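Listed below are the residues making up each chain.
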Amino acid sequence: MDSIPLLCLPYAGGSAQVYKKWSRQLDPSIQLIPIELAGRGSRMSEPLYEDIHEAVKDILHLIRDYTQNQYALFGHSMGCLIAYELIHSIHAAGWTLPSVVFMSGYGAPHSSHVNREIYQLPDKAFIEEVLSLGGTSAELFEHKELRDVFMPILRADFKLVGTYKPEIKRPLPLHLIVMNGSEDSSLYGTSEDWQSQTTETCKIVNFEGGHFFIHEREQQVVALLNDTLLRTLAAKEIIHS
């Protein structure tokens, strides 16, 4: 059986390495490719993005080689928003669209209400907002050294989301898997709103848990990735047999 790269975009404040632990559970035919954003992880020395379009332009260069063949794209929260803009840039460039796109923890951009002021809040209020989403350890803010490193990244990421202005885009021929936590109070709109963004299929999957259900329900999430991508690979083999 062929293999398929799974390109994963991180959420606000996160490094792409948060997905590394999935490697132990993913089928060997699925190649996990964490996409590291500027200003964190192995790219810590690079300047943070000013807006989402700058992020997308940078990521396009990182993934160009993967778009030559079959691949899949996963984005959670901020990563989901970046993935949305990214697929439209991929399409505009005339490159091959991903076989499957996993949109996780974010409403369809055209119907989502975003609190655009969070990144401008004073430190205390900003930290409270971040912690209310879960997924971030309070210890990161208790130690000055960690806080000094982490806060600029978080503020830049929340600015990226807060200053984003969605434009009405034509639906693309995509196979979407929309994933949300049943107790995620940060979501606006409905999961069904994503259906208008594709001329192909849109499957909606709800997991128990909050905004970071991808960690709370890791086994179930990875099982869905395995099942979906193995079916995608099998379908390709049938077509080419």
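One structure accompanies this document, and this report is about it. Source: prediction; values computed, not measured. (Residues numbered from 1 in each chain as written. Predicted model: local features only at pLDDT ≥ 70, side-chain atom pairs only at ≥ 80, totals over all residues. Heavy atoms only, no water.)

Backbone geometry at Ser77 places phi at a positive 60 degrees, although glycine is not the residue there. With respect to the secondary-structure elements, Ser77 resides in the loop between β3 (72–76) and α2 (78–92). (Helix = DSSP H or I, 4+ residues; strand = E, 2+ residues; numbered from the N terminus.)

Moving on to the packing of aromatic side chains. For the structure on display, the rule yields 9 aromatic pairs. Geometrically, the ring pair formed by Tyr19 and Trp22 is tilted, given 4.9 Å between the ring centres and 55 degrees between the ring planes. Here the two residues Tyr19 and Trp22 agree in accessibility, since each one is buried. Summarising the aromatic geometry, the rings of Tyr84 and Trp194 are spaced 6.1 Å apart at their centres and angled 70 degrees between planes, so their arrangement reads as edge-to-face. Taken together, the residues Tyr84 in helix α2 and Trp194 in the loop between β5 (176–181) and β6 (202–207) connect sequence positions 110 residues apart. We note that Tyr84, like Trp194, is buried. Put simply, the rings of Tyr19, Trp22, Phe74 and Phe102 touch in pairs and so form one group of aromatic residues. In this structure, Arg64 is placed above the aromatic ring of Trp95, and the distance from its NZ or CZ to the ring centre is 4.2 Å. Over the ring of Phe126 we find Arg155, and its NZ or CZ is 4.4 Å from the ring centre. (Phe/Tyr/Trp six-rings, centres within 6.5 Å; stacked < 30°, edge-to-face > 60°. Buried < 20%, exposed > 50% of the residue type's maximum accessible area, 1.4 Å probe, protein only. Lys NZ or Arg CZ within 6 Å of the ring centre and 35° of its normal.)

With that settled, the discussion passes to the nonpolar core. Soluble globular proteins tend to pack their nonpolar side chains together in the buried interior. Within the largest apolar cluster, 49 residues are counted, with the highest numbers of intra-cluster contacts made by Leu9, Ile59, Ile82, Leu86, Met103 and Trp194. Mapped onto this core, the elements with two or more residues apiece are β1 (4–9), α1 (52–63), α2, β4 (100–104), α3 (123–132), α5 (144–162) and β5. At 9 residues, α2 tops the list of elements feeding residues into this core. Beyond its immediate chain neighbours, meaning those up to four positions away, Met103 contacts Gly75, Cys80, Ala83, Tyr84, Ile87, Leu176, Ile177, Val178, Met179 and Trp194. Judged by nonpolar contacts, the second largest core, of 26 residues, contains Leu6, Cys8, Leu32 and Val221. (Core = buried A, V, L, I, M, F, W, Y, C linked by side-chain atoms within 4.5 Å. Contact = heavy atoms within 4.5 Å.)

Between its first and last C-alpha atoms α1 spans 16 Å; for 12 residues at 1.5 Å apiece the expected length is 16 Å, and the two agree. Three or more residues of α1 are buried, namely Ile52, Ala55, Val56, Asp58, Ile59, Leu60 and Ile63. The elements touched by buried residues of α1 are β1, α2 and α5. (Expected span 1.5 Å × (residues − 1).)

A sheet is described by the order of its strands in space; here 6 strands give the open sequence β2-β1-β3-β4-β5-β6, paired in parallel fashion. Either end of the sheet is taken by a strand with one partner, and the two such strands are β2 (30–34) and β6. The mean angle between the axes of side-by-side strands here comes to 20 degrees, regardless of whether they run parallel or antiparallel. As defined by bridge partners, β1 adjoins β2 across 5 bridges and the pair is classed as parallel. Each bridged residue has a counterpart across the sheet, and for Pro5 the counterpart in β2 is Gln31. Strands in contact with α2 are β1, β3 and β4; relative to β3, the strand with the most contacts, it is inclined by about 140 degrees. (Pairing = 2+ DSSP bridges. Axes fitted to C-alpha atoms, helices over the stretch in contact; angles between N-to-C directions.)

What follows deals with α2. The end-to-end C-alpha distance of α2, which contains 15 residues, comes to 21 Å, matching closely the 21 Å that a straight helix rising 1.5 Å per residue would cover. When we look at burial in α2, the residues that qualify are Met78, Gly79, Cys80, Leu81, Ile82, Ala83, Tyr84, Glu85, Leu86, Ile87, His88 and Ile90. Tucked inside the fold, the buried residues of α2 contact β1, α1, β3, β4 and α5.

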